[in-house]
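What follows is the residue order along each chain.
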Amino acid sequence: MFTTIHKSKKINESGHAIYLFSSLKSINTKLFSKDELEYIKTQVEKNEQKTILINRLKQQVFVLLIDEKKEKHATVETVRAKGATILASIKSQKIAEINILNHSSEKLYSLALAEGLALANYQFLKYKTTKAKSATSLKKVNILDADVSEGQITELQHVIDATLFSRDLVNEPVSFLSAPQLSKEIEKLGKQSGFKVEVLSKAKIEALKMGGLLAVNKGSVQPPTFTILEWKPKNASNKKPIVLVGKGVVYDTGGYNIKVGTGMETMKCDMAGAAAVAGTLYAVAKNKLNVHVIGLIPATDNRVDSKAYVAGDVITMHSGKTVEVLNTDAEGRLILGDALSYAKKYNPELVIDLATLTGAAMAAIGKYGIVAMGNADDKIKNKLKESGNVVYERLAEFPFWEEYGDLIKSDIAEIKNLGGPYGGAITAGKFLEHFVDYPWMHFDIAGPAFLEANDAYRTKGGTGTGVRLLYHFLKNNSK
Ligand code: BES
Ligand code: ZN
Ligand code: ZN
């Protein structure tokens, strides 16, 4: 656990505090001295400040006025982001414990603020030799809000922890996190939370004829793994499982179509889809959601070696379909194709895959959202989009017209793993579509999964994108 969140009834005099108010007018004047009220007023009216710090020497008090002019989801997101802004001050003053006192009209705000604080407070210190020196001061967040229950706080804590575990996995370099190690880490998460894990070995993957995963793995000294995660409550609300598939390329050099110039140094992030699936199962199991969920994670690195696959190769996938490899850097779709056809055996209600699949998705919408496409019906799509808005991991649905499929027809095999110069995120999706025969959505998270710099509570490096989104969606589905 990174930052712990608690429900609390009272605050001692020296307790550092964040007060939430809806407007200047609604400030409870008993809480502040005349001078302080005057100061707050000037800061708001003259300096247009929304976050005001009152330094009472022993006690630091932050006054946060929530601007409710935006629509609801955006307002809640502003409150989360304020958590990150206030955290900077908390850290510089070495504060270990902070109290949130909600005087606004909305109980969601205290949860959102706590969420923003805890997510922003994340650090990846495993490889720091001066851990104590580098560690953040904030350890504990207390929520003083009669409308917020213990249960809501515990649930939030589990989802935050899941997101941060997912970030940890993404931030781990390949020097530690090989495919077999990724599987081990998932086994650990399974033990901690209660979901079941089965790891298929290379021999089993060969027996299953997962030609895509095996081809990508040919240049590796480490064997591939195929990890199956399962959360199956006794009386699950869904008869057929929801299957989540995550791209687990633990490092993507591009292979013989090697990544030149910029880009390779961040490619430990190419298993962010896998990390999102593992994190989601952790959150679902910890919160004991009444929904049957299966996770599938094909994993390998993609490297150069005399044995590595090359452009021009033709491979036979798990489904039996043949693929002409025209670019060894378009490896994600090869391993996902195998996982998607493997998913058929579960007769799933819905399959969602998450993958850092294309630079094209990143180029199209940047870090601001998830590129989404698929054949699921509008009801499912709308539910997913709604969850995306609530947790602010928004979905941008791309066109998925048949004609894009023409761009991946091959002369010598059924399909090729490379489209044309345009619509790269979509042709990658069209490739995946060849391996599904059930309701399905594809989420390309290449943009938001890994950041070069902090973005409010989304910290630099792995962001854990997908965990909060899928958890929210699955929770809505389990009702
Ligand atoms: N892992 C990359 C995609 C990626 C790019 C992820 C940037 C995160 C940030 C993927 O395997 C890849 O290399 N895709 C190629 C496909 C192309 C060769 C068709 C790409 O997008 O350039
Ligand atoms: Zn690649
Ligand atoms: Zn890749």
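Above this text is the structure in question.
Residues numbered from 1 in each chain as written. Chains lettered and ligands numbered in written order. Predicted model: local features only at pLDDT ≥ 70, side-chain atom pairs only at ≥ 80, totals over all residues. Heavy atoms only, no water.

Draft legend 1. Geometry of the pairing of strand β15 (residues 370-374). With respect to burial, β15 is a largely interior element, 5 of its 5 residues being buried. Residues I370, A372 and G374 line one face of β15 and the alternating positions V371 and M373 line the opposite face, and both faces are buried. Considered for its hand, the β-α-β crossover made up of β15, helix α12 (residues 378-391) and strand β16 (residues 395-397) is right-handed. For β15 and strand β18 (residues 440-444), the ladder comprises 4 bridges, and the chain directions are antiparallel. In the sheet register, M373 faces β18, and the bridge partner there is H442. (Buried < 20%, exposed > 50% of the residue type's maximum accessible area, 1.4 Å probe, protein only. Helix = DSSP H or I, 4+ residues; strand = E, 2+ residues; numbered from the N terminus. Right-handed = clockwise from strand over helix to strand, strands pointing away. Pairing = 2+ DSSP bridges.)

Draft legend 2. Highlighting the coordination of the zinc ion (ligand 3). Every protein donor of the zinc ion (ligand 3) is accounted for by K247 (NZ), D252 (OD), D270 (OD) and E331 (OE), and the metal-donor separations fall at 1.9 to 2.4 Å. With 6 donor atoms in place around the zinc ion (ligand 3) and angles of 77 to 174 degrees between them, the coordination shape is octahedral. We note that the donor set of the zinc ion (ligand 3) lies within a single chain, spaced as K-x4-D-x17-D-x60-E. Here the zinc ion (ligand 3) and the zinc ion (ligand 2) are spaced 3.2 Å apart, with D252 acting as a shared donor. (Donors = N, O, S within 2.8 Å, 3.2 Å for Na, K, Ca; no water. Tetrahedral: all angles 85-135°; square planar, octahedral: opposite > 155°, others 65-115°.)

Draft legend 3. Representation of the pattern of salt bridges within the structure. Applying the stated criterion across every chain, the model contains 24 salt bridges. Here K247 ties to E331 by a salt bridge, and the two come within 3.0 Å at their closest N and O atoms. Taken together, the residues span a long stretch of sequence, with K247 in the loop between β9 (242-246) and β10 (248-252) and E331 in the loop between β13 (322-324) and α10 (332-342) at a distance of 84 residues. Relative accessible area serves as the criterion here: at 2%, K247 is assigned to the buried category. (Salt bridge = Lys/Arg side-chain N within 4 Å of Asp/Glu carboxyl O.)

Draft legend 4. The arrangement of the site of ligand 1 in detail. In the vicinity of ligand 1 lie 16 residues, with K259, D270, D329, E331 and G359 positioned nearest. In this structure, an oxygen atom belonging to ligand 1 sits 2.9 Å away from a side-chain N or O atom of D252. Between ligand 1 and G359 there is a distance of 2.6 Å, counted from an oxygen atom to a backbone nitrogen or oxygen. Taking 510 Å² as the accessible area of ligand 1 by itself, protein coverage stands at 81%. (Near = heavy atom within 4 Å. Polar contact = N/O pair within 3.5 Å; in protein donor to acceptor, adjacent residues only side chain to side chain. Areas by Shrake-Rupley, 256 points an atom, 1.4 Å probe, with all protein chains shown as cover.)

Draft legend 5. Looking closely at helix α1 (residues 34-45). Here α1 is 12 residues long and its end C-alpha atoms lie 16 Å apart, about the 16 Å a rise of 1.5 Å per residue gives. Buried residues of α1: E36, I40, Q43 and V44, and no others. Buried positions in α1, seen along its axis, are confined to an arc of 95 degrees and lie on one side of it. Across from the buried face of α1, at angles greater than 90 degrees, the exposed residues are K34, D35, E38 and E45. Close packing links the buried residues of α1 with β3 (51-55) and β4 (60-65). (Expected span 1.5 Å × (residues − 1). Arc of directions from axis to C-beta. Contact = heavy atoms within 4.5 Å.)

Draft legend 6. Layout of the coordination of the zinc ion (ligand 2). Only D252 (OD), D329 (O), D329 (OD) and E331 (OE) from the protein reach the zinc ion (ligand 2) as donors, at distances of 2.0 to 2.2 Å. Around the zinc ion (ligand 2), the 6 donor atoms sit at angles spanning 71 to 168 degrees, and that spread fits a shape best called irregular. Owing to a relative accessible area of 2%, D252 belongs among the buried residues under this scheme.

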